[in-house]
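Summary of the model geometry
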Amino acid sequence: MKLKDKSCIVTGAASGIGNAIAHRFASEGGKVAIADLNQDAAQKAADEIKAKYGTDALAIAMDVTSEQQVDAGVAQVVSAWGGVDVLVSNAGIQIVNPVENYAFADWKKMLAIHLDGAFLTSKAVLPHMYAKGSGSILFMGSVHSKEASPLKSAYVTAKHGLLGLARVIAKEGGKKGVRTNVICPGFVRTPLVDKQIPEQAKELGISEDEVVKKVMLGQTVDGEFTTVEDIAEVALFFAGFETNALNGQSLIASHGWFME
Ligand code: NAD
C-alpha cells in the first residue's frame, strides 16, 4: 500500500485522467478528494471509490480558477483528514483555433484553468505540507509542455508554463520536504480529446480518421493512444516515491511521440 491513509487532492477527477488517478491512489490506500467543477460527477466518483476500495473519498465542488473556492476546498480536506500529502493539479480543458481566430476570452480562460489552477491549488496546500515537512505536488503537463502543435496556442503556452512553475516550487519546497513534478502525457482518449477530433478535422480540412491516425498518433512509434491507466501509474510512481530524489522533473508518457 504505497499511499496508505495519505490525504490526496486530485483536481478534475470527475472524468478522464484525474478519475483514473483517484482510483489508482485509492487502490493503494489513499484517501482521495475529487475536486471538480462538475459537482454531480464528483459525488458519483467519490461514492464509487468509497464502495470499491473501502477508503475515504470526498467530493469537493471547486472551480480551480477561483481562489475562494480553491481555499475553501483545501480547508474542507484539511478539516476532514488533518492535512494534504498529495496534490494532483490536473483539471483542464482544450480550445483549438488558429491564433488569428483565437478569441482573447478563450486564451484567458485556458491560461486561468491550467496556470491559475496550478498556482492557486499549490499556494493553498503548501502551508499544510510545510507544516508536516513533507508532500508531493504533481502538475498534469503534456507532450505540449515540450512540443508545439498548430491550433493550440493557449494550451501549449500554459503547458510549457507549468514546467516553470513546478521548477520554482521544487526549489522553494525542496528545503521543506515538498517535491513537485510534472507528468507529460501524449494523446489519451478522454472526453477532452474526443471533443477535438471533429473540431480539428473541420479546421484542418481532413477526415476525423486522419486526425486520429496522422495528427494525434502519427508521430508515436506504434500508433497507440496512451491510456488513463498508464498516466495513473506514472502519478502513483511520483506520489508514492519514498524519497525526494525526484523533484522538479517531468516525465513523458506518449508511446515515443516525443523523446528527450
Ligand atoms: P476530461 O475532460 O476527461 O477531464 C477534465 C476534468 O476537469 C473534468 O471533470 C472537468 O469537469 C474538470 N474541469 C474543467 N475545468 C475545471 C475547472 N475550472 N475547475 C475544476 N475542474 C475543472 O480531460 P482529461 O483528458 O482527463 O484531461 C485532464 C488533464 O490532462 C488536463 O489538464 C489535460 O490538459 C491533460 N492532458 C490530457 C491529455 C489527453 O490526451 N487527454 C494529454 C495530455 C494532457
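Check the entry above for the structure.
Read on for an overview of the structure. These numbers were taken from a predicted model, which means no experiment stands behind them.

**Quick look at unusual backbone geometry**
- The phi torsion at L151 lies on the positive side, around 75 degrees, for a residue other than glycine.
- For H255, which is not a glycine, the phi torsion comes out positive at approximately 50 degrees.
- Position of H255 among the secondary structure elements: in the segment after β7 (250-253).

**Considerations on the site of the ligand**
- Neighbouring residues of the ligand: 29 residues in total, closest S15, D36, Y155, V188 and T190.
- For the ligand, an oxygen atom lies 2.7 Å from a polar atom in the backbone of V188.
- Contact with the protein chains removes 93% of the 830 Å² of surface that the ligand exposes when unbound.
- Contributions of two or more residues to the shell around the ligand are made by α1 (16-27), α4 (104-132), α5 (153-174) and α6 (191-204).
- At three residues, the largest contribution of residues to the shell around the ligand is made by α6.
- For the shell around the ligand, a count of residues per class yields 16 nonpolar, ten polar and three charged.
- Split by domain, the residues of the shell around the ligand number at least three in each of domain 1 (7-187 + 227-253) and domain 2 (189-225).

**Things to note about the packing of aromatic side chains**
- Per the counting criterion, the structure on display carries three aromatic pairs.
- Relative to F241, the ring of F237 lies with its centre 5.5 Å away and its plane at 70 degrees, an arrangement referred to as edge-to-face.
- What links up through ring pairs into an aromatic cluster is the set F237, F238 and F241.
- Across from the ring centre of Y130, 4.3 Å away, lies the NZ or CZ of K176, which sits over that ring.

**Let's talk about helix α8 (residues 228-240)**
- Relative to the 18 Å expected for 13 residues at 1.5 Å per residue, α8 spans 18 Å between its end C-alpha atoms, a close match to the ideal helical length.
- If you check which residues of α8 are buried, you get V228, I231, A232, V234, A235, L236, F238, A239 and G240.
- Buried residues in α8 make contact with α1, β4 (86-89), β5 (135-140), β6 (178-185) and β7.

Reading the values: rules and limits
Residues numbered from 1 in each chain as written. Predicted model: local features only at pLDDT ≥ 70, side-chain atom pairs only at ≥ 80, totals over all residues. Heavy atoms only, no water. Helix = DSSP H or I, 4+ residues; strand = E, 2+ residues; numbered from the N terminus. Near = heavy atom within 4 Å. Polar contact = N/O pair within 3.5 Å; in protein donor to acceptor, adjacent residues only side chain to side chain. Areas by Shrake-Rupley, 256 points an atom, 1.4 Å probe, with all protein chains shown as cover. Nonpolar A, V, L, I, M, F, W, Y, C, P; charged D, E, K, R; others polar. Domains from an automatic or database assignment. Phe/Tyr/Trp six-rings, centres within 6.5 Å; stacked < 30°, edge-to-face > 60°. Lys NZ or Arg CZ within 6 Å of the ring centre and 35° of its normal. Expected span 1.5 Å × (residues − 1). Buried < 20%, exposed > 50% of the residue type's maximum accessible area, 1.4 Å probe, protein only. Contact = heavy atoms within 4.5 Å.

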